[in-house]
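Chain by chain, the residues run as shown.
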Amino acid sequence: MTLQVGSLPSASAPLLTTANINGLRLPNRMVVAPMTRISASPDGQATDAMVRYYERFAKGGFGLIVTEGIYTDQAYSQGYANQPGLSDVEQARAWRPVVQAIQAAGGRVVAQLMHAGALSQANRFRDHTVGPSAIRPKGKQMALYRGDGEYPVPREMTEAEITEAIGGFSRAALLAMEVAGFDGVEIHGANGYLLDQFFTDYTNARNDGWGGAIAQRLRITTEVIRAVRQVLGAAVPVGVRISQGKVNDFFHKWQEAEQGAADVFRVLAESSVDYIHITEFEAWRPAFADGGASLVQLARIHAPDVTIIANGSLHAAEQATAALADGADLIALGRGALSNPDWPLRLQAGQPLAEFNPALLSPLGDIKPEEQRG
């Protein structure tokens, strides 16, 4: 079975129009979503396999690539064995061939900066985890990324550790731009990792300035945005990723529903981010009540002047185009990009799309040999 891309130009042409994020010109509105691939060296340096893997997407016509989550410090941020880092100059230099290959092929690339917090499954710098509160995460560690068993109970972070974690994001952002040569950075505030742990009601039981109502729980994310913007200046594209679901709690919904979403997107719109990257399992579905607005639609209403990237099962061109009509400016593909690294070129040519092959992420989520061929 194949997924049809629809006819051009009337149905899908909007996907192939140019876009701009704070001066970063994109040839189309198609984005490769961040996907954990655990294929760096044991000391967190990008590898030749990663060069070839990322280059394929740029050669395949994607206008923007968001990297997998990159850990930001040499304390508590690393989440997975063989996860790439941006915690020192050597790691930043190792990213240069990846970035240069993407740019030489006509693509643009932003570094997604991530702190795993309580969801860390492997950290060569520490033997325990931290989080907003000493609450064991839901679910089991992911075998896909060499995890096994329950997550440990994290230690509650001190004020000093919160400050240091924020500083890790800003230092990594500076390395990403000045040493590695990325086109921008994305702050990972989604999917259950540290910033999302502070944001989530049941993982944040704090009664200080880092807890409370939904907008206040977003404080650490806005502090990271502020710190990153301070070191990078106004001209560098900076985005943030946000979600309801998590890698360990897939169908979580914000208890505050549409009013909470209004608060969240208002706060993010008032920050200095250039884009908000929204990920849902199926991006077109109502975010809360049946028949209600999707999270993309709510973001457009409450953050009207911010670029919106939509992610979530949008690999069929008709659904991707509909998401643009709902208010998204760009469309990010995960599984669709893995199975069709030339998705935009196929769309332009009216060619069918291949189905996602689960073997690409089995038995581990590392980069497979067939994903390194031009």
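Before reading on, note that the structure itself is shown above.
What you see is a predicted model; the values in this text were computed from it and never measured.

Participant: I keep staring at the overall build of the chain and nothing clicks. Help me out?
Facilitator: When you go through the chain residue by residue, the secondary structure sums to 11 helices and 12 strands. Seen along its three principal axes, the alpha-carbon backbone of the chain occupies a region of about 55 × 45 × 40 Å. Burial analysis of the chain (374 residues in total) assigns 60% to the buried set. The long-range share in the chain, meaning contacts at least 24 apart out of those at least 6 apart in sequence, stands at 72%. By element, 51% of the accessible surface of the chain is carried by carbon and sulfur atoms, the whole surface being about 14000 Å².

Participant: Explanation requested: unusual backbone geometry in the structure shown.
Facilitator: If a residue is not glycine, its phi is most likely negative; likewise, a peptide bond is most likely trans. Ser-362 connects to Pro-363 through a cis peptide bond whose omega is -5°. Not every positive phi belongs to a glycine, and Asn-22 is a case in point at roughly 50°. Positionally, Asn-22 belongs in the loop between strand 1 (19-21) and strand 2 (24-26). Residue Asn-191 is not a glycine yet carries a positive backbone phi of 65°. By the secondary structure assignment, Asn-191 is in the loop between strand 8 (184-188) and helix 4 (194-199). Given the relative accessible area of 13%, Asn-191 is considered buried.

Participant: Would you mind going over helix 3 (residues 159-180) with me for this structure?
Facilitator: Residues separated by three or four positions in an α-helix point in the same direction, a consequence of the helix having 3.6 residues per turn. Here helix 3 is 22 residues long and its end C-alpha atoms lie 30 Å apart, about the 32 Å a rise of 1.5 Å per residue gives. One or two steps after helix 3, the chain reaches Gly-181, where phi turns positive at roughly 85°.

Participant: Sorry if this is basic, but what is going on with the side chain of Ser-39 here?
Facilitator: In this structure, Ser-39 sits in the loop between strand 3 (30-32) and helix 1 (48-59). Judged by relative accessible area, which is 12%, Ser-39 ranks as buried. Only 2.8 Å separates the side chain of Ser-39 from the backbone nitrogen of Ile-367, close enough to count as a polar contact. The residues contacting Ser-39, other than those within four sequence positions of it, are Thr-47, Met-50, Asn-82, Asp-366 and Ile-367.

Participant: I'm lost on the side chain of Gln-121 in this one. Help?
Facilitator: Considering the arrangement of structural elements, one finds Gln-121 in the loop between strand 5 (108-114) and strand 6 (130-131). When near neighbours in sequence (up to four residues on either side) are disregarded, Gln-121 contacts Gly-79, Tyr-80, Gln-141, Met-142, Tyr-145, Arg-146, Gly-147 and Tyr-151.

Participant: Would you explain the packing of helix 2 (residues 89-104) against helix 3 in this entry?
Facilitator: Two quantities define a packed helix pair, namely the angle between the helix axes and the distance between the axes. Closest axis-to-axis distance for the helix 2/helix 3 pair is 9 Å, and the angle between their directions is 55°. Taken together, the axes of helix 2 and helix 3 lie oblique to each other. Between helix 2 and helix 3 the crossing geometry is right-handed. Touching Val-89, Ala-92, Arg-93, Trp-95, Arg-96 and Val-99 of helix 2 are Leu-175, Val-179 and Ala-180, all from helix 3. Classifying every residue of the contact of helix 2 with helix 3 gives seven nonpolar, no polar and two charged.

Participant: Quick question: what am I supposed to make of the pairing of strand 9 (residues 238-243) here?
Facilitator: Sheet faces and side chains relate simply in a regular strand, where the side chains alternate between the two faces. Counting buried positions along strand 9 yields six of six residues, so the element is predominantly enclosed. Of the pairings in the sheet, the one linking strand 8 to strand 9 comprises four bridges and is parallel in character. Bridge pairing links Glu-186 to Gly-239 in strand 9. With five bridges joining them, strand 9 and strand 10 (residues 275-279) adopt parallel strand pairing. Its bridge partner being in strand 10, Ile-242 is matched across the sheet by Ile-278. Handedness of the crossover is the feature at issue here: the chain leaves strand 9, passes through helix 7 (residues 257-270), returns alongside strand 10, and the resulting connection is right-handed.

Participant: Explain the pattern of salt bridges here, please?
Facilitator: Applying the stated rule across the entire model yields 18 salt bridges. Where Lys-59 meets Glu-55, a salt bridge forms, and the shortest distance between an N and an O atom there is 3.7 Å. On the criterion of helical spacing, the pair formed by Lys-59 and Glu-55 is a turn pair, its members being four residues apart in helix 1. On the basis of relative accessible area, Glu-55 is assigned to the partly exposed category, the value being 21%. Salt bridges sharing common partners tie together Glu-156, Arg-206 and Asp-208.

Participant: Whenever I open this one, helix 2 confuses me. Can you help?
Facilitator: Here helix 2 contains 16 residues, and its C-alpha end-to-end distance of 23 Å stays within 8% of the 22 Å for a straight helix at 1.5 Å per residue. Along helix 2, the sharpest change in direction is near 30° and occurs at Arg-96; proline Pro-97 comes one to four residues later. Within helix 2, the full set of buried residues consists of Gln-91, Ala-92, Ala-94, Trp-95, Val-98, Val-99, Ala-101 and Ile-102. As for helix 2, its buried residues are in contact with helix 1, strand 4 (64-71), strand 5 and helix 3. The residue sitting at the N-terminus of helix 2 and contributing the capping side-chain oxygen is Asp-88; that oxygen lies 3.2 Å from the backbone nitrogen of Glu-90.

Definitions and cut-offs
- Counting starts from 1 at the beginning of each chain's written sequence and moves along it residue by residue.
- Per-residue local features are limited, in this predicted model, to residues with pLDDT of at least 70; the limit for side-chain atom pairs, both in listing and counting, is 80 or more; totals at the level of whole chains, interfaces and linings are taken over all residues.
- The side-chain numbers reported here are obtained from all heavy atoms of the structure, hydrogens and water having been left aside.
- Helix and strand labels come from DSSP, where a helix needs a run of H or I of at least four residues and a strand needs a run of E of at least two; each type is numbered from the N terminus.
- Relative accessibility thresholds used throughout: buried, under 20% of the residue-type maximum; exposed, over 50%; partly exposed, between the two (1.4 Å probe, protein chains only).
- Any pair of residues with heavy atoms lying within 4.5 Å of one another is described as a contacting pair.
- Only the protein chains shown count as covering a residue, and every accessible area follows the Shrake-Rupley method with a 1.4 Å probe.
- Here a helix's expected span is defined as the number of its residues, less one, multiplied by 1.5 Å.
- What qualifies as a polar contact is a pair of N or O atoms within 3.5 Å, subject to a donor-acceptor requirement within protein and to the restriction that residues adjacent in sequence count only when both atoms come from side chains.
- The axes are straight lines fitted to the C-alpha atoms, using for helices just the contacting stretch, and the angles between their N-to-C directions are given from 0 to 180°.
- Orientation categories follow fixed angle ranges, with anything under 35 degrees roughly parallel, anything over 145 roughly antiparallel, 65 to 115 roughly perpendicular, and all other angles oblique.
- Handedness of each helix crossing follows the sense of rotation of the near helix against the far helix: counterclockwise by less than a right angle gives left-handed, clockwise gives right-handed.
- For this classification, the nonpolar set comprises Ala, Val, Leu, Ile, Met, Phe, Trp, Tyr, Cys and Pro, the charged set comprises Asp, Glu, Lys and Arg, and every other residue, Gly included, is treated as polar.
- Any two strands are treated as partners once DSSP identifies two or more bridges connecting them.
- Note on handedness: a clockwise path from strand one over the helix to strand two, with the strands aimed away from the viewer, defines a right-handed crossover.
- Salt bridges are counted wherever a side-chain nitrogen of Lys or Arg sits within 4 Å of a carboxyl oxygen of Asp or Glu.
- A residue's bend is the angle separating two fitted axes: one through the seven residues that end there, the other through the seven that start there.

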